2 protein chains.
Amino acid sequence: MTFANVGTLQTHPGRAEDLVVILTDSSADLGAHGCLQYDVGISADDRDTVVVIERWESAEAHASSLGLPAVQDAIRQAMPLLTGQMGGHRFEVLGSPLSGVST
Amino acid sequence: MTFANVGTLQTHPGRAEDLVVILTDSSADLGAHGCLQYDVGISADDRDTVVVIERWESAEAHASSLGLPAVQDAIRQAMPLLTGQMGGHRFEVLGSPLSGVST
C-alpha cells in the first residue's frame, strides 16, 4: 500500500532555503528504492519551516531508505540548520477522488 | 507554481473511515479544475484524524475549487463527522530530489 509521509522541519532563522537546496539535491537512489514522490517547499505560514511531502511504495521502503548513503549525507548536511522542532503525519493512502487515479 | 496543501481533520471517535469514504468519492471536477493530487488516509498516530495531501496547479486553482458543487457537497456531508479540530501546511513546491521530476 502506498505510504505517505509529511514532514515539517524548523530551521534557524533564514536558513529554510539552504535546507531546500540540500533536500532537493537530485538523487537516483530514492526512486530506485521505492520513492514515488518527494516534494519540498517552505511553509506559507512560517518561513522558517520546510515542509516535505513523500510517498513511498510501502512503509518498509520508507524506513529502509533512511539508511541510504544519499539520505544519511543529506541528514548530516541538514542537522546544523535545524532547531530540532519537527512534526508531520504518516498514513497509508486509502484512496483519491481523482478519477482514474490508482493509489 | 505547483501548490501543495496538507490538511488534517479530526473526526468524532470512530468516524474517520466514514470521512474517508466522503473524501474519496470520485469527482471528475477536481482534475478539470487543476487538481494534480488528492490522497486521503488515516493518521498512523491518531486513528480519528484523516490526513489529506493535495497538489494543485496553483494556489488560485485550490482556492477557487472550494466553490465547486462537488466540494461544497463533500463539505456538507463531512461537517457532522468533524470535531472542528483541523490543521495542515500549505506551500509552493520548490523542488524534488527525484531525478527527472518537474514540480
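All of these numbers come straight from a predicted model, not from anything done at the bench. (Residues numbered from 1 in each chain as written. Chains lettered and ligands numbered in written order. Predicted model: local features only at pLDDT ≥ 70, side-chain atom pairs only at ≥ 80, totals over all residues. Heavy atoms only, no water.)

**Topic: the UniProt feature "domain: ABM" (unreviewed entry) in chain A**
At step 1: Those residues carrying the UniProt feature "domain: ABM" (unreviewed entry) are residues 3-91 of chain A in this numbering.
At step 2: Secondary structure content for residues 3-91 of chain A is 34% helix and 40% strand, and the end C-alpha separation is 6 Å. (UniProt positions renumbered as here; feature names shortened; annotations may be inferred. Helix = DSSP H or I, 4+ residues; strand = E, 2+ residues; numbered from the N terminus.)

**Considering helix 1 (residues 16-23) of chain A**
At step 1: For helix 1 of chain A, the full list of buried residues reads A16(A), L19(A), V20(A), I22(A) and L23(A). For helix 1 of chain A, the angular spread of buried residues about the axis comes to 160 degrees, placing them on one side. For helix 1 of chain A, the exposed residues lying more than 90 degrees away from the buried face are E17(A) and V21(A).
At step 2: Taken together, the buried residues of helix 1 of chain A touch strand 1 (3-11), strand 2 (35-43), strand 3 (49-56), helix 4 (69-78) and strand 4 (82-95) of chain A together with strand 4 (82-95) of chain B. (Buried < 20%, exposed > 50% of the residue type's maximum accessible area, 1.4 Å probe, protein only. Arc of directions from axis to C-beta. Contact = heavy atoms within 4.5 Å.)

**Some thoughts on the environment of F91(B)**
At step 1: Note on placement: F91(B) falls in strand 4.
At step 2: Overall, F91(B) belongs to the buried group, its relative accessible area being 1%.
At step 3: Through-space distance from the C-alpha of F91(B) to that of L9(B) is 18 Å; in sequence the pair is 82 residues apart.
At step 4: Each residue touching F91(B), except ones within four places of it in the same chain, is listed here: D39(A), V40(A), G41(A), I42(A), S43(A), A44(A), V51(A), I53(A), T2(B), F3(B) and A4(B).

**Details of the relation of the copies chain B and chain A**
What relates the two chain copies is a rotation about an axis together with a slide along it.
At step 1: Once chain B is rotated about the relating axis by 180 degrees and shifted along it by 0.0 Å, it coincides with chain A to within an RMSD of 0.0 Å. Expressed as a symmetry operation, the mapping of one chain copy onto the other fits a two-fold axis.
At step 2: In this assembly, 100% of the residues forming the interface of chain B have copies in chain A that are likewise at the interface, indicating an isologous arrangement. (Least-squares fit on C-alpha atoms with pLDDT ≥ 70 in both.)

**Some words on the sheet that holds strand 2 of chain A**
At step 1: If you trace the eight strands once around the closed barrel, you get 1(A)-3(A)-2(A)-4(B)-1(B)-3(B)-2(B)-4(A), paired in antiparallel fashion. Recorded for the sheet is a direction-independent mean angle of 35 degrees between the axes of neighbouring strands.
At step 2: One ladder, built from seven bridges, connects strand 2 of chain A with strand 3 of chain A; its direction is antiparallel. If you follow V40(A) over to strand 3 of chain A, its bridge partner there is V52(A).
At step 3: The sheet contacts of helix 1 of chain A involve strand 1, strand 2, strand 3 and strand 4 of chain A together with strand 4 of chain B, and relative to strand 2 of chain A the element is tilted by about 170 degrees. (Pairing = 2+ DSSP bridges. Axes fitted to C-alpha atoms, helices over the stretch in contact; angles between N-to-C directions.)

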